[in-house]
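Overview (structure and organization)
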Amino acid sequence: MATGTDQVVGLGLVAVSLIIFTYYTAWVILLPFIDSQHVIHKYFLPRAYAVAIPLAAGLLLLLFVGLFITYVMLKNQKVTKKAQ
């Protein structure tokens with residue numbers, strides 16, 4: 001059973017994810033159809049970042065997953081050597 005703190009953290013993560021998804025969707029899908037002189041453009045980064053930011057985030061995610069797997073495998077290897 002989830003505690004109250006777990007539920008609050010989960011709700012916060014869902015809220016942040018929803019805000020990021022809404023912002024990114026408006027940035028990538030809706031913004032190209034709005035006149036470039038419109039005031040809403042000042043709230044968004046240049047379009048080149050629409051590809052660069054998710055690419056960098058994906059590469060960082062792969063890096064950390066690889067580091068975690070390497071750490072766990074090396075730790076298990078040391079435990080196995082000590083048991084023998």
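Residues numbered from 1 in each chain as written. Predicted model: local features only at pLDDT ≥ 70, side-chain atom pairs only at ≥ 80, totals over all residues. Heavy atoms only, no water.

1. A look at the UniProt feature "transmembrane region" (unreviewed entry) in the protein
When the UniProt feature table is mapped onto this chain, "transmembrane region" (unreviewed entry) is found at residues 12-34 and 49-74. Helix makes up 83% of residues 12-34 and strand 0%, with an end-to-end C-alpha separation of 31 Å. Regarding residues 49-74, the helix share stands at 100% and the strand share at 0%, and the terminal C-alpha atoms are separated by 37 Å. (UniProt positions renumbered as here; feature names shortened; annotations may be inferred. Helix = DSSP H or I, 4+ residues; strand = E, 2+ residues; numbered from the N terminus.)

2. What to know about the packing of aromatic side chains
Here the structure, examined in full by the defined rule, presents three aromatic pairs. Taking the centre distance of 6.0 Å and the plane angle of 45° together, the rings of Tyr23 and Trp27 count as tilted. Separated by four residues within a single helix, Tyr23 and Trp27 lie in helix 1 (residues 4-30), roughly one turn from each other. Exposure remark for Tyr23: the relative accessible area of 34% places this residue in the partly exposed category. With relative accessibility at 3%, the residue Trp27 sits in the buried group. Their ring planes at 90° and their centres at 5.8 Å tell us that Tyr24 and Trp27 sit as a pair that is edge-to-face. Residue Tyr24 and its partner Trp27 are located together in helix 1, separated by three residues, close to a single helical turn. Take Tyr24: its relative accessible area is 32%, and that puts it in the partly exposed class. The rings of Tyr23, Tyr24, Trp27 and Phe44 are connected pair by pair, giving a single aromatic cluster. (Phe/Tyr/Trp six-rings, centres within 6.5 Å; stacked < 30°, edge-to-face > 60°. Buried < 20%, exposed > 50% of the residue type's maximum accessible area, 1.4 Å probe, protein only.)

3. As for the nonpolar core
Core analysis: the biggest nonpolar cluster contains five residues, these being Ala26, Trp27, Leu31, Phe44 and Ala50. In contact with Trp27, other than residues within four places in its own chain, are Pro32, Phe44, Leu45, Pro46, Arg47, Tyr49, Ala50 and Ile53. (Core = buried A, V, L, I, M, F, W, Y, C linked by side-chain atoms within 4.5 Å. Contact = heavy atoms within 4.5 Å.)

4. Observations regarding the environment of Leu45
The residue Leu45 is located in the loop between helix 1 and helix 2 (49-83) in this model. Taking the C-alpha atoms as reference points, Leu45 and Trp27, 18 residues apart in sequence, are found 8.3 Å from one another. Among residues more than four places away in sequence, those in contact with Leu45 are Tyr23, Trp27 and Ile53.

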